[in-house]
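So the chains spell out like this:
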There are 2 protein chains.
Amino acid sequence: MRFQKERSAGFLANQMARLFAKGLQKRISPLGLAPAQFMTLLALWDEDGLTQSELVRRLDVEQATMANTLTRMERDGLIERRSNPSDGRSQSVHLTEKSKALQAPAIAEARAQNATALADFSDEEREIFLVLMRRAIAAMHGN
Amino acid sequence: MRFQKERSAGFLANQMARLFAKGLQKRISPLGLAPAQFMTLLALWDEDGLTQSELVRRLDVEQATMANTLTRMERDGLIERRSNPSDGRSQSVHLTEKSKALQAPAIAEARAQNATALADFSDEEREIFLVLMRRAIAAMHGN
DNA sequence: TATCATTGCATAGCATGCTATTCAATAGCT
DNA sequence: AGCTATTGAATAGCATGCTATGCAATGATA
C-alpha cells in the first residue's frame, strides 16, 4: 500500500531531469544560454532555417512552448525569424552570428554535464541506460 | 563534433520526465490533483504534520518551490498550515479529510503510470533502470 | 544583555511546459 | 468561385522550478 518514491521510475525521472537541467544551466548560462534555448539551437546547428513546426516535431514540445522559446531567443539575439515568401503562415528560423559562435563551447558544456552524470557508469551501462530511457519514452508516447 | 540528442542522457531524461508528468497529470487531474501536489501528499501520507523545511528535504526541491506548491494546495483544500507554538517561525502542514481520501486512488494512478512506462521491461530491466537513475542522481547531487 | 548568525518562510521575477483558444493563410472540394 | 478543413503561429492562463531577496523569530556569543 505504501508508495516508495525511491522505487518509482516517474519520481526518479523527475528528479534526474531537474538535476540535469540545473547542471546544464550552471554551465551554459555564462554563455548567455538557457537549457531550452540550447536544445533549440542543437536542431538549428544541425539544419539552419527550419520552421517553427519543424522544430516542434524535432524537439517534441508543444507548439506554444516553442513559440515562447523562440520569442525569448529572438529577444536575446540568438535567432532571426524570416517570413516565407511561398507560404504566408510560416516563418523560417535562422541562426545569428552570435548563436553560430556558441556551437562548440555550448556542446562542450553539455557533454561535460552528461559525463558528470554518468561518471561512474561503464560503457555498457551507458548504452543500457540510453536504451532503457528510449524504450520508456516510446512506451509513453501517445498515452 | 555533431551532438546527437538521441544519445544524450540529459536530453532523454528531460523528454522522459515530461512524458511521465504529462501522463500522471492526465490520470490524477480528475481527482483534483496536480503532479507536484501528489508528490507532496506522498510525503504527508507517510507522515502527517511535517514542516515545510522537512518537506523540502524529503522531496529535494527548493524552499521557494515548496512554499508555492503548499500555497496552491491550501487554496485547493488539500492541506492546512498550523502554527507551531514552540517555534514562531515554523508551521506544520496537515492533511485534510479531502486529501486523506485521495491516497488510495492517487497512488493507484501513479502506479499505473509507472507500469505504462515500463510495460515492456523485464523485472531485471526495471531494477537496473532504477539503480542507474539513482546513480546518475547521486553523481549530480551537489554539482 | 546587546549583537550577530542562523533558520523558516514568503515574495518577486523569470524560464519552461502544458492546455485551450484564436486568427490568418492555404488547400481541397463541390 | 465559394465553403470548409487544415495548417502555422500567437496569446492567455496556469503549474513547476529556480535564483535572489527580504524579514521575522531564534540561537549563540562576546
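Rules behind the numbers
Residues numbered from 1 in each chain as written. Chains lettered and ligands numbered in written order. Predicted model: local features only at pLDDT ≥ 70, side-chain atom pairs only at ≥ 80, totals over all residues. Heavy atoms only, no water. Axes fitted to C-alpha atoms, helices over the stretch in contact; angles between N-to-C directions. Helix = DSSP H or I, 4+ residues; strand = E, 2+ residues; numbered from the N terminus. Parallel < 35°, antiparallel > 145°, perpendicular 65-115°, else oblique. Left-handed = near helix turned anticlockwise from the far one by under 90°. Contact = heavy atoms within 4.5 Å. Nonpolar A, V, L, I, M, F, W, Y, C, P; charged D, E, K, R; others polar. Buried < 20%, exposed > 50% of the residue type's maximum accessible area, 1.4 Å probe, protein only. Arc of directions from axis to C-beta. Pairing = 2+ DSSP bridges. Salt bridge = Lys/Arg side-chain N within 4 Å of Asp/Glu carboxyl O.

- The name recorded for chain A in an unreviewed UniProt entry is MarR family transcriptional regulator, from Mesorhizobium retamae.

Things to note about the packing of helix α1 (residues 9-28) of chain A against helix α1 (residues 9-28) of chain B
Working note: a packed helix pair is described by the angle between its axes plus the distance between those axes.
Okay, so step 1: One can describe the packing of α1(A) onto α1(B) by two numbers: an axis separation of 8 Å at closest approach and a directional angle of 135°. For the element pair α1(A) / α1(B), the angle class is oblique. Handedness of the crossing formed by α1(A) with α1(B): left-handed. Contacts between α1(A) and α1(B) involve Ala9(A), Gly10(A), Ala13(A), Asn14(A), Met16(A), Ala17(A) and Phe20(A) from the former and Ala9(B), Gly10(B), Ala13(B), Asn14(B), Met16(B), Ala17(B) and Phe20(B) from the latter.
Okay, so step 2: Each residue belonging to the contact of α1(A) with α1(B) can be placed in one class, and the counts come to 10 nonpolar, 4 polar and no charged.

Regarding helix α3 (residues 52-59) of chain B
Okay, so step 1: Within the span of α3(B), buried status applies to Gln52(B), Leu55(B), Val56(B) and Leu59(B). Each buried residue of α3(B) sits inside an arc of 105° when the element is viewed along its axis, so together they form one side.
Okay, so step 2: On its buried face, α3(B) is in contact with α1 of chain A together with α2 (35-46), α4 (63-75), β1 (79-83) and β2 (91-95) of chain B.
Okay, so step 3: Residue Asp60(B) follows α3(B) closely and has a positive phi angle near 55°.

Observations concerning the pairing of strand β2 (residues 91-95) of chain A
All names here are of chain A.
Okay, so step 1: Among the 5 residues of β2, 4 are classified as buried, and the element is accordingly described as predominantly covered.
Okay, so step 2: For strand β1 (residues 79-83) and β2, the ladder comprises 5 bridges, and the chain directions are antiparallel. Pairing of glutamate 80 across the sheet is with histidine 94, part of β2.

Describing the pattern of salt bridges
Residues and elements named next belong to chain B.
Okay, so step 1: Going through the model one piece at a time under the given rule, you end up with 24 salt bridges over all chains.
Okay, so step 2: Across the salt bridge formed by arginine 82 and glutamate 80, the nearest N and O atoms sit 3.5 Å from each other.
Okay, so step 3: For arginine 82, a relative accessible area of 40% translates into the label partly exposed.
Okay, so step 4: Judged by its relative accessible area of 39%, glutamate 80 falls in the partly exposed class.

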